[in-house]
Amino acid sequence: MAVAVEQKQDLLIGGQWMASQSGKTCEQTNPYSGDVVGQAAAASPEDVDLAVKAAQGAFEAWGFGPPVARREVLTKAADLLSERAEQIAAIVSEETGGTFGWGMFNCQLASGMLREAGAQAYAAVGQVIPSDIPGAMGIARRLPAGVVVGIAPWNAPVILGARAIATPLAYGNTVILKGSELCPRTHAQIVGCVVDAGAPEGVINYLTNDPADAPDVVEALIAHPGTRRINFTGSTRVGKIIAETCGRHLKKCLLELGGKAPMIVMADADLDEAVNAANFGAFMHSGQICMATERIIVDSKVADEFTDGLVKKASAMTVGDPTNPETMIGPLINKASVEHVTELVEDAKSKGAEIATGGEADGPCFHPTVLTKVTPDMRVYSEESFGPIVPILIYDDIEEAIRTANDTNYGLSGAVFSSDIPTALDVARRIESGICHVNLATVHDEAQMPFGGVKESGWGRFGGSAALEEFTDLHWTMVMSQPGHYPI
């Protein structure tokens, strides 16, 4: 099938948009219609080498130049992203099946991330450390690490693509963004904003690849002696492979991986607010969010009322074509995802769970599904669904609720709903996760907040000043103001 010129995506290496060295390309399809919607250059390790060398060449001037230059580029990129939001949101719908509103939300938050990163350009401060040696002074400085590789996923493509490069650039690193094989044009839009904002040649580079070539391309990015940091957002399975590879090459990596976020609803919670948060957290973007509410743990005293409220809200959601402004739930990313969600529901049914609403696919879409009478032997209890299904689990005392919340290999996000804030804060502290909110949905992010997980949800933190440790090196210098004394 012929692909329009504007739907063809090149690589960006050293300031030049170009085809891959091999000339190989790969196609992208629309998750809802199945139509071919784009064609992207498929990079090889040879292209990786060119991109790393371009980033190395640009590092000295960018990393050790005035911070104001980095701030101005990132702030201008944020402005451009906002100006181009409608165009980008349409590409998000084409490539990933996200609704137009989801695409616009992505652009809004991603623009904020770029703007916050611009402010962080001045945050790489050091300290003077007293020395026991007369006439000596110790200085510790935060210096840019070098070439940073960002590997971004498809599910929140503008947000997570921007996050992969924003603070690394702010702290003086040069970057290579490896876009998702499923949405290369979306990720290229972020890169284009940074380029058009005035980033010098080589400061930002962009690679796309054929899915079959991903292992070789990622291996080449990590193994290359010119790269210094790797950040990856995606599945725990792939994250473990990346961590192992980084370990072999002694490369520091930041990993934000899968989740199985619990939401505890206590008896004194505002149930209307809890229902609204659960509906948003479980079903926004068809549940294809790492922070998605995957388990709702409700006090038995209010379980029936809460369940009735959530079922009513979930069953009223419109499902279908993401380009229709009335659509609230669009398609899952591909057929394999639909099959996975269907298998989880069927497994739960076969073991005694009840479907309170939903429970079936509608072509590439899956209706918002609420399951009750779920037990630990069911796959949906422990497996990340990455789809619009959520089980309701009932507890009789808060210790049981906490044990259930922590009964998972994941630890990214969580939430506690209660009118007793001190108690809710204490419960939130005991949830084994990098993030746990009180009276707020599990799905929430802000540019200045420290974002990341524990356990099999990864390690390290994106966001604001927390990212300083991830993307800089601490450099120690001693300064002598008088002659030193040496033993030999």
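Residues numbered from 1 in each chain as written. Predicted model: local features only at pLDDT ≥ 70, side-chain atom pairs only at ≥ 80, totals over all residues. Heavy atoms only, no water.

Now for the overall build of the protein chain. What the protein chain contains, in helices and strands, is 15 helices and 23 strands. Taken over the C-alpha trace, the protein chain has a radius of gyration of 24 Å; the compact-globule value for 488 residues is 23 Å, and the two agree within 12%. Its C-alpha atoms give the protein chain principal-axis dimensions of roughly 75 × 65 × 40 Å. Sequence-distant contacts in the protein chain: of pairs separated by 6 or more residues, those separated by 24 or more amount to 73%. (Helix = DSSP H or I, 4+ residues; strand = E, 2+ residues; numbered from the N terminus. Rg over C-alpha atoms; globule rule 2.2 N^0.38 Å. Contact = heavy atoms within 4.5 Å.)

Following the criterion strictly, the structure yields three aromatic pairs and no others. Relative to Phe64, the ring of Phe59 has its centre 5.6 Å away and its plane inclined at 75 degrees; by these criteria the two rings are edge-to-face. Relative accessible area serves as the criterion here: at 15%, Phe59 is assigned to the buried category. Aromatic side chains Trp154 and Phe386 sit 6.0 Å apart centroid to centroid with 85 degrees between the ring planes, which places their arrangement in the edge-to-face category. With Trp154 in the loop between strand S8 (147–151) and helix H5 (157–170) and Phe386 in the loop between helix H12 (379–382) and strand S19 (389–395), this pair connects stretches of sequence that are 232 residues apart. Taking NZ or CZ as reference, Arg163 lies 3.9 Å from the ring centre of Phe462, over its face. (Phe/Tyr/Trp six-rings, centres within 6.5 Å; stacked < 30°, edge-to-face > 60°. Buried < 20%, exposed > 50% of the residue type's maximum accessible area, 1.4 Å probe, protein only. Lys NZ or Arg CZ within 6 Å of the ring centre and 35° of its normal.)

All right, on to the sheet that holds strand S6 (residues 127–130) then. With respect to topology, three strands assemble into an open sheet ordered S6-S7-S23, the strand pairing being antiparallel. Where the open sheet ends on each side, the last strands, each with one partner, are S6 and strand S23 (472–480). When the angles between neighbouring strand axes are averaged without regard to direction, this sheet yields 25 degrees. (Pairing = 2+ DSSP bridges. Axes fitted to C-alpha atoms, helices over the stretch in contact; angles between N-to-C directions.)

To continue, consider the pattern of salt bridges. Throughout the structure, instances matching the rule amount to 21 salt bridges. In this structure, Glu256 engages Arg163 in a salt bridge whose closest nitrogen and oxygen atoms are separated by 2.8 Å. Of this pair, Glu256 sits in strand S12 (residues 252–256) while Arg163 sits in helix H5; the two residues are 93 residues apart in sequence, bridging distant segments of the chain. Here Glu256 and Arg163 have matching classes, each one buried. (Salt bridge = Lys/Arg side-chain N within 4 Å of Asp/Glu carboxyl O.)

This part is about helix H2 (residues 67–83). Here H2 is 17 residues long and its end C-alpha atoms lie 25 Å apart, about the 24 Å a rise of 1.5 Å per residue gives. Within H2 the residues assigned to the buried category are Arg70, Val73, Leu74, Ala77, Ala78, Leu80 and Leu81. Taken around the axis of H2, the buried residues stretch over an arc of 165 degrees, which confines them to a single face. Among the exposed residues of H2, those oriented more than 90 degrees off its buried face are Glu72 and Glu83. (Expected span 1.5 Å × (residues − 1). Arc of directions from axis to C-beta.)

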